[in-house]
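Notes for the structure review
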Amino acid sequence: MATTFVIGDKFRNNASKLLEKTDSPLPQQLREELEETLKKTGPTTLSFSTARKLQKYLQGNGQPFYLHELLEDSSLYLPEVVKPPRNPQLVARLEKIKAKLANEEYNRITRNVNSQEINRNGTLADFGKEVRSVKAVVVTIFNFLVTVVAAFACSYMGSQYLFTDTAARVISAVIAASVVGLAELYVLVRTMEGELGEP
């Protein structure tokens, strides 16, 4: 917090004039403070209390210049803020808390990718089960297609004794293959329901 002014040349000149005046002498304490301020070299500071005393003196004696005119080229002196050293125990505790929070965040992000759980559950066994189930589905689809194609071929070849026209033979083969395909689908669905445990 600012408690002093850095005075400029205008203040120095006017304060020197005040000190030289003999008709209305300055109070002794104010005179000493001003003389001490003017003796300093480099950036000179003037305390707020001295400025207040000077203002009271100027108001009381009807001087031709006012305090704000004296301090026109002055500025506030803001001392540099010195940060207190941090407590090492507090710093260590904060680091522990940061590490703990980072670890919890990492665990939350990677909870679905935990290598220990993968090894414990035996992913190779699960992979083998999945391959077997896919293999069973592929075999079932292949069996279905072979059955329907075989039914079509048998119906087409057998219908040559009934029909002489090719279109009639194809239509009868398609009807027979469709009936066999529907029967195969019915058996397949019932088998899958039995595997799933449904009646």
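Residues numbered from 1 in each chain as written. Predicted model: local features only at pLDDT ≥ 70, side-chain atom pairs only at ≥ 80, totals over all residues. Heavy atoms only, no water.

Turning our attention to the overall build of the chain. For the chain, the helix and strand inventory stands at 8 helices and 3 strands. Helices and strands appear in the chain in the N-to-C order β-α-α-β-α-α-β-α-α-α-α. Relative to all contacts within the chain whose residues are 6 or more apart in sequence, the contacts with residues 24 or more apart total 63%. Total accessible area computed for the chain in this model is approximately 15,600 Å², and 61% of it derives from carbon and sulfur atoms. (Helix = DSSP H or I, 4+ residues; strand = E, 2+ residues; numbered from the N terminus. Contact = heavy atoms within 4.5 Å. Areas by Shrake-Rupley, 256 points an atom, 1.4 Å probe, with all protein chains shown as cover.)

Our focus in this paragraph is the side chain of Arg169. Among the structural elements, Arg169 can be located in helix α8 (residues 166-196). For the buried Arg169, no salt bridge is present, and the opposite-charge side chain at shortest range is Asp165, 8.7 Å distant. A polar atom in the side chain of Arg169 sits 3.3 Å from the backbone oxygen of Tyr156. If sequence neighbours within four positions are ignored, Arg169 has contacts with Tyr156, Ser159, Gln160 and Phe163. (Buried < 20%, exposed > 50% of the residue type's maximum accessible area, 1.4 Å probe, protein only. Lys, Arg positive; Asp, Glu negative; His and termini not counted. Salt bridge = Lys/Arg side-chain N within 4 Å of Asp/Glu carboxyl O. Polar contact = N/O pair within 3.5 Å; in protein donor to acceptor, adjacent residues only side chain to side chain.)

Our focus in this paragraph is the pattern of salt bridges. This structure, assessed with the given rule, holds 1 salt bridge. Between Glu105 and Arg108 there is a salt bridge, and its shortest N-O distance comes to 2.7 Å. On the criterion of helical spacing, the pair formed by Glu105 and Arg108 is a turn pair, its members being 3 residues apart in helix α5 (residues 88-109). On the basis of relative accessibility, which here comes to 38%, the residue Glu105 falls in the partly exposed class. The class for Arg108 is partly exposed, based on a relative accessible area of 46%.

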